[in-house]
Every structure is written in structure tokens, then in C-alpha cells.
Amino acid sequence: MTVFYTLAMALLAVAGGLTVVRLLRGPGALDRIVALDALVTMIVAGMAVHLAAHGEASVLPLLLVLSLLAFIGSVTAAHVIEKKERIR
């Protein structure tokens with residue numbers, strides 16, 4: 001089973017690295033917001049893999065809080081961009 005956890009973490013690390021590249025090079029604000037949301041989702045997925053691998057239930061509240069913050073941040077950023085588009 002540890003092979004699967006290691007493989008999942010490695011794939012998440014590669015995807016996270018590619019997402020950071022998109023976050024830094026993104027041509028627009030919306031691209032960067034989507035990349036940041038994807039990066040937070042990958043961090044939550046990595047924490048979930050860690051939870052499954054080690055059976056530590058102490059990480060679960062952190063997972064829930066981080067997921068909620070990512071959702072609220074994405075909705076707020078989309079709302080701000082929508083207001084900017086209306087002004088133009």
C-alpha cells in the first residue's frame with residue numbers, strides 16, 4: 001500500500017510544480033486565481049493522502065478549514081473580477 005501512497009504524493013508534487021509555473025507565468029488574473037485554487041486543492045489532496053497513509057485523524061479539521069478557505073477565496077476572487085469586468 002505504501003507504494004500507492006508514494007506514487008500519489010509524487011504525482012501531486014509534479015502537478016503542484018506545474019501549477020506553480022502556471023501561477024507565476026499566467027497571463028491574466030483569472031488564470032492565476034484558477035492556478036492558486038488548483039494548488040490549494042492539491043495541498044488538500046496531499047494532506048488527505050497523508051491522512052490515509054498514517055491514519056492521523058488530527059489532520060482532518062485542518063483539511064476542512066483549508067477547503068472552506070479555498071472555496072471562499074475563489075468565490076470572492078471571481079466576484080471581484082466580475083465587478084471589474086462590469087466597470088469596463
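Let us look at the structure shown here. Since we're looking at a predicted model, the values are computed, not measured.

Brief notes about the packing of helix α1 (residues 2–25) against helix α2 (residues 29–54)
Running from amino to carboxyl end, α1 crosses α2 at an angle of 165 degrees, the nearest separation of the two axes being 9 Å. In this view, α1 runs roughly antiparallel relative to α2, as classed from their interaxial angle. Considering how the two elements wind past one another, α1 and α2 form a crossing that is left-handed. Along the contact surface, α1 presents Tyr5, Ala8, Met9, Leu12, Ala15, Gly16, Thr19, Val20, Arg22, Leu23, Leu24 and Arg25, while α2 presents Arg32, Ala35, Leu36, Ala38, Leu39, Met42, Ala45, Gly46, Val49, Ala52 and Ala53. Across the contact of α1 with α2, the residue classes tally to 17 nonpolar, three polar and three charged.

So, the environment of Arg86
Along the chain, the position of Arg86 falls in helix α3 (residues 60–87). As a C-alpha pair, Arg86 and Leu62 span 24 residues in sequence and 36 Å in three-dimensional space.

Focus on the packing of α2 against α3
In contact at an axis separation of 10 Å, α2 and α3 are set at 170 degrees when each is read in the N-to-C sense. With respect to their mutual orientation, α2 and α3 come out roughly antiparallel. Of the residues in α3, those in contact with Ala29, Leu30, Ile33, Asp37, Val40, Ile43, Val44, Met47, Ala48 and Leu51 of α2 are Leu60, Leu62, Leu63, Leu66, Ser67, Ala70, Ser74, Ala77 and Ile81.

Some words on α3
For α3, which comprises 28 residues, the first-to-last C-alpha distance of 41 Å matches the rise-based estimate of 40 Å (1.5 Å per residue) to within 8%. For α3, the set of buried residues is Leu63, Ala70, Ser74, Ala77 and Ile81. If you follow the buried residues of α3, they end up packed against α2.

Let's talk about the environment of Gly55
Within the element layout of this structure, Gly55 appears in the loop between α2 and α3. Residue class for Gly55 comes out exposed when judged on its relative accessible area of 59%. Along the backbone, Gly55 and Met1 are 54 residues apart, and their C-alpha atoms lie at a distance of 13 Å.

Topic: the environment of Ala70
Assignment of secondary structure puts Ala70 in helix α3. Separated by 43 residues in sequence, Ala70 and Pro27 have C-alpha atoms that sit 21 Å apart. For Ala70, the contacting residues outside a window of four places in its chain are Asp37 and Val40.

So, how was this worked out
- Residues numbered from 1 in each chain as written.
- Predicted model: local features only at pLDDT ≥ 70, side-chain atom pairs only at ≥ 80, totals over all residues.
- Heavy atoms only, no water.
- Axes fitted to C-alpha atoms, helices over the stretch in contact; angles between N-to-C directions.
- Helix = DSSP H or I, 4+ residues; strand = E, 2+ residues; numbered from the N terminus.
- Parallel < 35°, antiparallel > 145°, perpendicular 65-115°, else oblique.
- Left-handed = near helix turned anticlockwise from the far one by under 90°.
- Contact = heavy atoms within 4.5 Å.
- Nonpolar A, V, L, I, M, F, W, Y, C, P; charged D, E, K, R; others polar.
- Expected span 1.5 Å × (residues − 1).
- Buried < 20%, exposed > 50% of the residue type's maximum accessible area, 1.4 Å probe, protein only.

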